[in-house]
Amino acid sequence: MTVNNQSSSPSSPGKFQDNTDLVLRVLLFWHGVFAIGALAGTLMLWQGESTIAMWLKIIYSGALVISAVLSVIAIPAIARRKHAGRVISLILNYLGFLLCFFGGLHYLGVFTGIDALGATFANGLPYFGLAFVGYLIGAFGDRYEDRQPAFAKNIKRVAKYIGIIGGILFLIAVGIIPGILSLLSKLSSFRPLILLAGTFIFALMTWLMWREPTRVAMNAKSKDQLMLDGYLFLSPNFIGFLFFFAGPLLFSLYISFTDSDAFGNANWIGLENYQEIFDLTIAPLDSPEQLAKEVIDIEVYDELTRFQFFSKNYVIGAVDQLFWISLGNTIKFVILAVPLSVIPALMLATVLNSKVPGMKVYRAIYFIPSVAAVVGVAMIWRWLYNSTVGYLNYFISGFVEFVNRIAGTPLLTDPQIGWTSDTKVALLAVAIMAAWQWMGFNTVLFLAGLQNIPGVLYEAATVDGANNWQQFWNVTLPTLAPTTFFVLTTTTINAMQIFDQVFVFTRPPGGPGTSTTTIVLYLYRQGFQNFRQGYASALAWVLFLLIFGLTLFQYMRQRSGDEAI
């Protein structure tokens, strides 16, 4: 196939044009080789026995076939100098460069070397300080640059030597020499050399297609180049999203259909994990006291709960009793924590929106819990919740004593609440702690929403004779609806995914008993303690669908409310 010279730009004459034609021929040849290599790689994947997992084979094969097809498509497009061919070529070579580059770093042990650097970094801190002293001396010399240039020059020279010596000693102290020797020793292996060569070739091809003469020859307009510039800037975030979010998400969906045990053993079992999660049975009881084992198969099902319907008693059994218990705890937590963190936040934001001296300080103070570490927050609240010396029980006892003294008779009884040991209140204790931590962030969101409400609305309401409560109910709440929707949605999602507060605060995590076991905590136990990662992935997808459905419901209600207005 020959390159079409007739459509080349007239602004690229002579030798310059000849070089561009040569570059395009090289790119045509390269994409031919690339397509053949990708197809050959696909065939090699499926020949003979391989230790690569089946799902990885499928992904690798799909990527290689798609790359080969795109490369073949790029060949005639480049030959005809179409911009589409340039775009395809840039995408393929850029992705190939990234894969080879990071793959090469992996096989050369650069990432593990960074870990080693972290372990030896403290050894080089004195020399790092010496380099910093050199920088300070150089900065001191700048002050004399206008008055005493010769003196400033000598000072800077001394500073440079101190900085260089400090930098060299720092590198030696952190182990740069053993690191370089280790790097060179790994270059004798086949894979690092291939990946380094691939890095160089893909980078060269990307540059050849990206350069300005090639862009002109490929008839790319300014808007086309601007588009590519935009996608290039977006590429780190977009590629990171694909590799670190979308990729693992889809991988977990695949794992949920297997019996993966986290040790490389994963057999396809279809919907068995989901069947185990949702497998329930209901059986009638002759009396409320009848044993469950008399009506359900207790080798398969555990008794979950009993209920009465039209004077008839029933028992519900579940294969996975703990899932339903954790689901119930999660829903209770959402019901408790969301109002506790949203309604006070709205009230607080309304107060903080007033023009009172020092209000910015109060805004910062109320936001502190949101940035505090969960471990520290949990320790503080465990101390407050202490049933013997905690302040909460101290204030409750004082209040009960005050009421009884006023009444002149023991009207109230001191409950002596076991916040962390009583199964009836443990979840409430966690909800109060989480709501306290989330309230500051919600307050900031509400405050931003309140400050965007036009003042003319309140002026009109005042002219109409509305009092403060009527203004809040009829002006503030309706105009704050988008912010309220966002706060409710994000807080509900956080509450549905509650894990760290429960894990740190309760002893044992999820206790007492199963009173604070939530879905994510149960998922963690299944995946990382019982090593049932396939089942844990199925639980994660069930939770995802619950959150998605709840968010969609809130969104539909929000839209119906907007249409009604």
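Since the structure is predicted, the reported quantities are computational estimates derived from the model, not experimental observations.

1. Details of the environment of Gln451
Now for step 1: By secondary structure assignment, the location of Gln451 is in helix α16 (residues 426-451).
Now for step 2: According to the relative accessible area criterion, Gln451 is partly exposed, its value standing at 45%.
Now for step 3: For Gln451, the residues in contact, after removing those within four places along its chain, are Asn353 and Arg363.

2. Here we look at the nonpolar core
Now for step 1: Counting residues in hydrophobic clusters, the biggest one holds 60 residues, and the most contacted among them are Phe323, Phe333, Phe446 and Phe505.
Now for step 2: Elements supplying a minimum of two residues to this core: α11 (272-278), α12 (321-352), α14 (374-385), α16, α19 (481-496), α20 (500-505), α21 (519-528) and α22 (533-564).
Now for step 3: Apart from the residues lying within four places of it in its own chain, the contact partners of Phe446 are Val342, Ala345, Leu346, Ala349, Leu480, Thr483, Thr484 and Val487.

3. Here we look at helix α2 (residues 54-79)
Now for step 1: The terminal C-alpha atoms of α2, which comprises 26 residues, lie 38 Å apart, in line with the 38 Å expected from a rise of 1.5 Å per residue.
Now for step 2: Just beyond α2, the residue with positive phi is Arg81, at close to 55°.

4. Things to note about the sheet that holds strand β2 (residues 302-309)
Now for step 1: In spatial order, the strands read β1-β3-β2; together these 3 strands make up an open sheet with antiparallel pairing. Of all the strands in the sheet, the pair left with one neighbour each is β1 (280-285) and β2. Adjacent strand axes in the sheet meet at a mean angle of 25°, parallel and antiparallel pairs treated alike.
Now for step 2: Here β1 runs beside strand β3 (residues 312-318); their pairing, made up of 6 bridges, is antiparallel. Bridged to Ile282 within β3 is Ile316.
Now for step 3: The strands that α12 touches are β1, β2 and β3; relative to β2, the one it contacts most, it runs at about 60°.

5. A short note on the pairing of β2
Now for step 1: Both β2 and β3 contribute to a ladder of 7 bridges, which runs antiparallel. Following the sheet pairing, Gln308 is matched in β3 by Asn313.
Now for step 2: Turn length for the β2-β3 hairpin, with the two strands adjacent in sequence and antiparallel, is 2 residues, and the turn residue Phe310 shows positive phi of about 50°.

6. Regarding α14
Now for step 1: Here α14 spans 16 Å end to end across 12 residues, near enough to the 16 Å set by a 1.5 Å rise per residue.
Now for step 2: On its buried face, α14 is in contact with α15 (391-407), α16 and α20.

7. A look at the packing of aromatic side chains
Now for step 1: Applying the stated rule across the entire model yields 38 aromatic pairs.
Now for step 2: Between the aromatic rings of Trp383 and Tyr391, the centroid separation amounts to 5.5 Å while the plane-to-plane angle is 80°, which identifies the pairing as edge-to-face.
Now for step 3: By relative accessible area, which is 48% here, Trp383 ends up partly exposed.
Now for step 4: The interplanar angle of 25° and the centroid separation of 5.3 Å between the aromatic rings of Phe499 and Phe503 together place this pair among those described as stacked.
Now for step 5: Here the aromatic residues Phe251, Tyr254, Phe257, Trp268 and Tyr274 are joined through ring pairs into a cluster of three or more.
Now for step 6: The ring of Trp210 carries the charged tip of Arg86 above its face, separated from the ring centre by 5.8 Å.
Now for step 7: The ring of Phe505 is capped by Arg382, whose NZ or CZ atom sits 5.8 Å from the centre of that ring.

8. Overview of the confidence of the model for the chain
Now for step 1: Per-chain confidence: the chain averages 88 in pLDDT, with 96% of residues scoring 70 or above.
Now for step 2: Predicted confidence for residues 1-13 stays below pLDDT 50, and this span has 24 contacts to residues more than four positions away or in other chains.

9. Observations concerning the pattern of salt bridges
Now for step 1: As enumerated under the stated definition, the model contains 6 salt bridges in all.
Now for step 2: Of the charged contacts, one joins Arg532 and Glu276 as a salt bridge, the two residues approaching to 3.0 Å between their closest N and O atoms. Separated by 256 residues along the polypeptide, Arg532 in the loop between α21 and α22 and Glu276 in helix α11 bring together distant segments of the chain.
Now for step 3: The class of Arg532 is partly exposed, set by a relative accessible area of 30%.
Now for step 4: The class for Glu276 is partly exposed, based on a relative accessible area of 24%.
Now for step 5: The partner of Glu303 in a salt bridge is Arg306, with the nearest N and O atoms 2.7 Å apart.

10. Considerations on the environment of Gly134
Now for step 1: Along the chain, the position of Gly134 falls in helix α5 (residues 125-142).
Now for step 2: Taking the relative accessible area as the measure of exposure, Gly134 reaches 4% and is therefore buried.
Now for step 3: Each C-alpha atom of the pair Gly134 and Ile165 lies 9.3 Å from the other, and the pair is 31 residues apart in sequence.
Now for step 4: Apart from the residues within four sequence positions on either side, Gly134 is in contact with Ala159, Ile162 and Gly163.

11. Thoughts on the packing of helix α13 (residues 359-371) against α16
Axes are the key here: two packed helices are described by the angle between their axes and the distance separating the axes.
Now for step 1: With their axes 5 Å apart at the nearest point, α13 and α16 run at an angle of 135° to one another. With respect to α16, the element α13 is oriented oblique. With respect to the hand of their crossing, α13 and α16 are arranged in left-handed fashion. In this structure, α13 uses Arg363, Tyr366, Phe367, Pro369 and Ser370 to contact α16, whose residues at the interface are Trp436, Gln437, Trp438, Gly440, Phe441, Val444, Leu447 and Gln451.

12. A few points about the environment of Gly85
Now for step 1: Tracing the backbone through its elements, the reader meets Gly85 in helix α3 (residues 83-107).
Now for step 2: Residue Gly85 is classed as buried on the basis of its relative accessible area, which comes to 0%.
Now for step 3: Spatially, the C-alpha atoms of Gly85 and Ile368 are 54 Å apart, while their sequence positions differ by 283 residues.
Now for step 4: Ignoring anything within four residues of it in the chain, the contact list for Gly85 reads Ala74, Ala77, Ile78 and Met218.

13. Observations concerning the side chain of Asn393
Now for step 1: Examined against the element boundaries, Asn393 turns out to sit in helix α15.
Now for step 2: Reaching out from Asn393, the side chain makes a polar contact with the backbone oxygen of Ile417 at a distance of 2.9 Å.
Now for step 3: Not counting residues up to four positions away in its chain, the partners in contact with Asn393 are Asn386, Ser387, Gln416, Ile417 and Trp419.

Reading the values: the criteria
- Residues numbered from 1 in each chain as written.
- Predicted model: local features only at pLDDT ≥ 70, side-chain atom pairs only at ≥ 80, totals over all residues.
- Heavy atoms only, no water.
- Helix = DSSP H or I, 4+ residues; strand = E, 2+ residues; numbered from the N terminus.
- Buried < 20%, exposed > 50% of the residue type's maximum accessible area, 1.4 Å probe, protein only.
- Contact = heavy atoms within 4.5 Å.
- Core = buried A, V, L, I, M, F, W, Y, C linked by side-chain atoms within 4.5 Å.
- Expected span 1.5 Å × (residues − 1).
- Pairing = 2+ DSSP bridges.
- Axes fitted to C-alpha atoms, helices over the stretch in contact; angles between N-to-C directions.
- Phe/Tyr/Trp six-rings, centres within 6.5 Å; stacked < 30°, edge-to-face > 60°.
- Lys NZ or Arg CZ within 6 Å of the ring centre and 35° of its normal.
- pLDDT = per-residue confidence, 0-100.
- Salt bridge = Lys/Arg side-chain N within 4 Å of Asp/Glu carboxyl O.
- Parallel < 35°, antiparallel > 145°, perpendicular 65-115°, else oblique.
- Left-handed = near helix turned anticlockwise from the far one by under 90°.
- Polar contact = N/O pair within 3.5 Å; in protein donor to acceptor, adjacent residues only side chain to side chain.

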